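Overview (structure and organization)
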Protein chains: 2
Amino acid sequence: MTERLVSMLRASDLRVTRQRQLVWEVLQQSHEHLDAEAVHTCAKARDPNISLATVYRTLATLKEVGLVEEHRLGEEHAHFEIVPQTPHYHFTCQACGCIIEFDAPQVMQAVRELSKREDLLIQHVHLFLNGLCSQCQHQQEG
Amino acid sequence: MTERLVSMLRASDLRVTRQRQLVWEVLQQSHEHLDAEAVHTCAKARDPNISLATVYRTLATLKEVGLVEEHRLGEEHAHFEIVPQTPHYHFTCQACGCIIEFDAPQVMQAVRELSKREDLLIQHVHLFLNGLCSQCQHQQEG
DNA sequence: TAGCAAATGAGAATCATTTGCAAAAAGGAG
DNA sequence: CTCCTTTTTGCAAATGATTCTCATTTGCTA
Ligand SMILES: [Mn+2]
Ligand SMILES: [Mn+2]
Ligand SMILES: [Zn+2]
Ligand SMILES: [Zn+2]
């Protein structure tokens, strides 16, 4: 787990700092989609001195080395998660805010076709849906 | 063209103001993906008094009535375009910033399957790719 | 262990977007 | 067309998210 972090940092000539390990562990332990504030809050529980600026810097660094991805889930701020083994996409409910992750192989296939047709080098694929989840659809206005 | 705007506004009991028409026309005339600043700049050419706040408010209103959609194209700010006749998705080049629009029916099909399987009501579908366009891939570092 | 470059903390700065409020304008009734 | 009510606007200040500056600390290598 922290192996992966250390080797990726070393490979990019980046230093293995306490703060980077901490942010990494926070992301590993919470399998949710945390925003920067939430990462900062969790991190402070173990290192009260870690600054929000460092959290932002670290998230950017981890994104650059390919360990973390950033999602825009319809809010004004970003959410982060560790790059998953198998890629997946996101749905969020406009009413309750719940997030549903899903995969759909057709998407990558469509992307591959486009990439070939237009000679594009694709680095990231974000598919984001929103609407109403099952529960929120079927409940009357109170 | 402005018919559509007027009828949608009327249908929602919203007033047809000069500013709303202006923002609408700006979006119609530029078939690009403008951000709020750009809309404001274009609008000011015809009404120097229109304020940025009104542009933001108007974009939000047009989005609510379903005339405009908002895209996150990897930058910190949002871009806007008139809801297109046929839905399409976006690729942006990390190097030159160019935007390529494309469609891929497989995507909506995958979305429909998910929607059925999970009983979701899908309101918006955003597929966003980034990477390097053909030109930027094949040019050496200068 | 010493030395240097990279990383951090704290706070200010910047950028994007929203809000409060008084003044202006839209739409309906007469 | 005029009056009235309510919505919308402009402006400026406020907020929220993220980045930057710079003095200080720390990781890494010799
Ligand atoms: Mn959030
Ligand atoms: Mn832009
Ligand atoms: Zn819900
Ligand atoms: Zn390019």
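Below is a short write-up of the structure. Keep in mind it's a predicted model, so treat the numbers as computed, not measured. (Residues numbered from 1 in each chain as written. Chains lettered and ligands numbered in written order. Predicted model: local features only at pLDDT ≥ 70, side-chain atom pairs only at ≥ 80, totals over all residues. Heavy atoms only, no water.)

Describing the coordination of the zinc ion (ligand 4)
Residues and elements named next belong to chain B.
- Ligation of the zinc ion (ligand 4) by protein atoms is provided by Cys 93 (SG), Cys 96 (SG), Cys 133 (SG) and Cys 136 (SG), these donors lying 2.2 to 2.4 Å from the ion.
- For the zinc ion (ligand 4), the four donor atoms in the first shell make angles of 100 to 113 degrees at the metal, a pattern classed as tetrahedral.
- Read from N- to C-terminus, the donor residues coordinating the zinc ion (ligand 4) fall into the pattern C-x2-C-x36-C-x2-C. A single burial state applies to Cys 133 and to Cys 136, both of which are buried. (Donors = N, O, S within 2.8 Å, 3.2 Å for Na, K, Ca; no water. Tetrahedral: all angles 85-135°; square planar, octahedral: opposite > 155°, others 65-115°. Buried < 20%, exposed > 50% of the residue type's maximum accessible area, 1.4 Å probe, protein only.)

Structural notes on the interface of chain B and chain A
- Residue-level contacts link 35 residues of chain B with 35 residues of chain A.
- Counting the surface lost from both chain B and chain A, the interface buries some 2900 Å², and carbon and sulfur atoms represent 54% of this.
- Residue Arg 72 of chain B is joined to Glu 76 of chain A by a salt bridge in which the shortest nitrogen-to-oxygen separation is 2.9 Å.
- If you look at where chain B meets chain A, you find 18 residue pairs in polar contact (both at pLDDT 80 or more).
- The leading source of residues in the side of chain B that touches chain A is strand S6 (residues 121-132) of chain B, at twelve residues.
- Within the side of chain B that touches chain A, the residues separate by chemical class into 17 nonpolar, eleven polar and seven charged.
- Summarising the sheet, strand S6 (residues 121-132) of chain A and S6 of chain B pair through eleven bridges and their orientation is antiparallel. Within S6 of chain B, the position partnered with Gly 131 of chain A by the bridge is Ile 122 of chain B. (Contact = heavy atoms within 4.5 Å. Buried area = accessible area lost by both parts, 1.4 Å probe. Salt bridge = Lys/Arg side-chain N within 4 Å of Asp/Glu carboxyl O. Polar contact = N/O pair within 3.5 Å; in protein donor to acceptor, adjacent residues only side chain to side chain. Helix = DSSP H or I, 4+ residues; strand = E, 2+ residues; numbered from the N terminus. Nonpolar A, V, L, I, M, F, W, Y, C, P; charged D, E, K, R; others polar. Pairing = 2+ DSSP bridges.)

Some thoughts on the relation of the copies chain B and chain A
- Expressed as a screw transformation, the operator carrying chain B onto chain A has a rotation angle of 180 degrees and an axial translation of 0.0 Å, and the superposed copies differ by an RMSD of 0.1 Å. Given the turn and translation reported, the copies of this chain are related as if by a two-fold rotation axis. Minimal C-alpha separation from the rotation axis in chain B is found for Leu 127 of chain B, amounting to 2.2 Å.
- Both copies contact each other with a shared surface, as 100% of the interface residues of chain B are interface residues in chain A too. (Least-squares fit on C-alpha atoms with pLDDT ≥ 70 in both.)

Digging into the pattern of salt bridges
- Overall, the coordinates contain twelve salt bridges over all chains when judged by the stated rule.
- One salt bridge connects Arg 72 of chain B with Glu 70 of chain B, and the closest N-O pair in it is separated by 3.8 Å.
- A relative accessible area of 18% means that Arg 72 of chain B is categorised as buried.
- Measuring nitrogen to oxygen at the nearest pair gives 3.8 Å for the salt bridge that ties Glu 118 of chain B to Arg 117 of chain B.
- By relative accessible area, which is 56% here, Arg 117 of chain B ends up exposed.
- Among the ionic contacts, a cluster of salt bridges with common partners joins Lys 63, Glu 70 and Arg 72 of chain A together with Glu 76 of chain B.

Some remarks on the coordination of the manganese ion (ligand 2)
All names here are of chain B.
- Taken together, Glu 75 (OE), His 77 (NE2) and His 79 (NE2) make up the protein donors of the manganese ion (ligand 2), found 2.1 to 2.3 Å from the metal.
- Positions of the donor residues of the manganese ion (ligand 2), expressed as sequence spacing, correspond to E-x1-H-x1-H.
- Glu 75 gets classed as partly exposed once you look at its relative accessible area, which sits at 39%.
- For His 79, a relative accessible area of 8% translates into the label buried.

Digging into the pairing of strand S4 (residues 89-93) of chain A
Residue and element names in this part refer to chain A.
- By the criterion of burial, S4 is predominantly enclosed, with five of the five residues buried.
- Residues Tyr 89, Phe 91 and Cys 93 point to one face of S4 and His 90 and Thr 92 to the other, with burial holding for every one of them.
- Relative to strand S5 (residues 99-102), S4 runs antiparallel, the two being bridged by four bridges. Paired with Thr 92 across the two strands is Ile 99, which belongs to S5.
- Bridge count for S4 against S6 is four bridges, and the pairing is parallel. When the bridges of S6 are listed, Cys 93 appears paired with Gly 131.

Quick word on the protein's contact with DNA strand D
- Of all residues adjacent to DNA strand D, which total 22 residues, the nearest are Tyr 56 of chain A together with Arg 15, Gln 19, Thr 54 and Arg 57 of chain B.
- Sugar and phosphate atoms form 68% of the subset of DNA strand D atoms that lie within 4 Å of the protein.
- Contact distances for DNA strand D include 2.8 Å between a phosphate oxygen and a side-chain N or O atom of Arg 20 of chain B.
- One nitrogen or oxygen atom from the side chain of Thr 54 of chain B is found 2.5 Å from a phosphate oxygen belonging to DNA strand D. (Near = heavy atom within 4 Å.)

Considerations on the protein's contact with DNA strand C
- Close to DNA strand C lie 21 residues, the nearest being Gln 19, Thr 54 and Arg 57 of chain A together with Arg 15 and Tyr 56 of chain B.
- One of the side-chain N or O atoms of Gln 19 of chain A is found 2.8 Å from a sugar or linking oxygen in DNA strand C.
- With respect to DNA strand C, the side chain of Arg 20 of chain A contributes an N or O atom lying 3.0 Å from a phosphate oxygen.
- Counting residues per element, the ones that place at least two in the surface near DNA strand C are helix H2 (18-29) and helix H4 (52-64) of chain A together with helix H4 (52-64) of chain B.
- When residues in the surface near DNA strand C are grouped by element, the largest group, four residues, is from H4 of chain B.
- Across the surface near DNA strand C, the residue classes tally to eight nonpolar, six polar and seven charged.

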